[in-house]
Amino acid sequence: MTSMFDLSNRVAVITGGNGGIGLGMAQALARHGCAVSIWGRNADKNAAAEASIKDAGGRVQTLVCDVSDRIQADRATQATLDQFGRIDGCFANAGIGGGGRHAFIDRTPEDWRRMFSVNLDGVFHALQPIARHMIERASHGDKFGRLVATSSMATLFGTARNEHYAASKAAVNSVMQALAVEHARFGITANAILPGWVDTEMTEGLQSNDKFMANAVPRIPLRRFARPEDFGGIAVYLMSGASAYHTADCIVIDGGYSVF
Ligand code: NAP
């Protein structure tokens, strides 16, 4: 009997897949047979991520790529196609946090632009060439594609001192809904994942702030930060045939925080 979640004929790109949430997704996808192409800037982190997946018997390629640079993203798309022959899914997950240090009135234009160059332009740069490839395949009768972006629960709240981060992610939600409507005819779904608080490098500073933790954790019904592996299940589901009719969604995975 073949499993609904057998991904052995699938190839997925995970931007920012060399650590944190992206690595949690990449490892779960690889365990279900999916070939994974991880794009990240840091070659050492890429090498460690690659080893962790190879050691578990997975098929993996890593590429040094800064997604804020259009040319690098185009090259990484081509290098993925050269290695695996096709791309069935793209998890546009690479992102930077806002830090929450500066008041809005002190936000520099450089800070603002940098945020959007990674968190929004980076999503555009990764998804566009891959969507082109998927549409080309669909024109030959191979209609299957999964476009996914990692957004944030920050888009649901008034995110003080992080308005640039929240705005970049709110834009991502809108992009994914628009892509879902435009690409449904090609068998391509598009969804955003909205994580709550997650234990990764991005939140190291917050997690060492006792006052913040004492206030935030009791507000999470599951009473803990998420771990990167908590995002493996949603990645496998979205890559699989099980999610064929699931598109245009903003999928909140926050341990219940946003409704408590
Ligand atoms: P993380 O551990 O810091 O991971 C960020 C990843 O993005 C790393 O793999 C990093 O790799 C990559 N990256 C950053 N800038 C890049 C660029 N310009 N080009 C290519 N790769 C880049 O943080 P994380 O928490 O897993 O974050 C993953 C996503 O989840 C982000 O989009 C973040 O906004 C979102 N998110 C996180 C939380 C949370 O609580 N942690 C909550 C909601 C949403 P390199 O260092 O090698 O570039």
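Going by the structure above, here's the rest.
As the structure is a computational prediction, the values presented were derived from the model and not from experiment.

Colleague: What should I look at first to understand the state of the cysteines in this one?
Modeller: Per the counting criterion, the structure on display carries zero disulfides. Among the cysteines around Cys 34, which has no disulfide bond, Cys 90 carries the closest sulfur, lying 12 Å off.

Colleague: How should I be thinking about the packing of helix α1 (residues 20-31) against helix α9 (residues 232-239) in this particular structure?
Modeller: Angle between the axes and distance between the axes are the two parameters that describe a pair of packed helices. Two elements in contact, α1 and α9, have axes whose closest approach is 8 Å; the angle formed by their N-to-C orientations is 55°. Here α9 runs oblique to α1, going by the angle between their axes. Relative to α9, α1 is oriented so that their crossing is right-handed. From α1, Gly 24, Met 25, Ala 28 and Leu 29 reach across to α9, where they touch Gly 232, Ala 235, Val 236 and Met 239. Among the residues making up the contact of α1 with α9, the classes are represented as six nonpolar, two polar and no charged.

Colleague: I keep staring at the site of the ligand and nothing clicks. Help me out?
Modeller: Lining the immediate surroundings of the ligand are 30 residues, of which Asn 18, Arg 41, Asn 42, Tyr 165 and Thr 200 lie closest. At a separation of 2.9 Å, an oxygen atom of the ligand approaches a polar side-chain atom of Lys 45. A distance of 2.9 Å is found between an oxygen atom of the ligand and a backbone nitrogen or oxygen belonging to Val 198. When the ligand is considered free in solution it has 880 Å² of accessible area, and contact with the protein chains removes 95% of it. Considered class by class, the residues forming the shell around the ligand number 11 nonpolar, 14 polar and five charged.

Parameters at a glance
- Residues numbered from 1 in each chain as written.
- Predicted model: local features only at pLDDT ≥ 70, side-chain atom pairs only at ≥ 80, totals over all residues.
- Heavy atoms only, no water.
- Disulfide = S-S within 2.5 Å.
- Axes fitted to C-alpha atoms, helices over the stretch in contact; angles between N-to-C directions.
- Helix = DSSP H or I, 4+ residues; strand = E, 2+ residues; numbered from the N terminus.
- Parallel < 35°, antiparallel > 145°, perpendicular 65-115°, else oblique.
- Left-handed = near helix turned anticlockwise from the far one by under 90°.
- Contact = heavy atoms within 4.5 Å.
- Nonpolar A, V, L, I, M, F, W, Y, C, P; charged D, E, K, R; others polar.
- Near = heavy atom within 4 Å.
- Polar contact = N/O pair within 3.5 Å; in protein donor to acceptor, adjacent residues only side chain to side chain.
- Areas by Shrake-Rupley, 256 points an atom, 1.4 Å probe, with all protein chains shown as cover.

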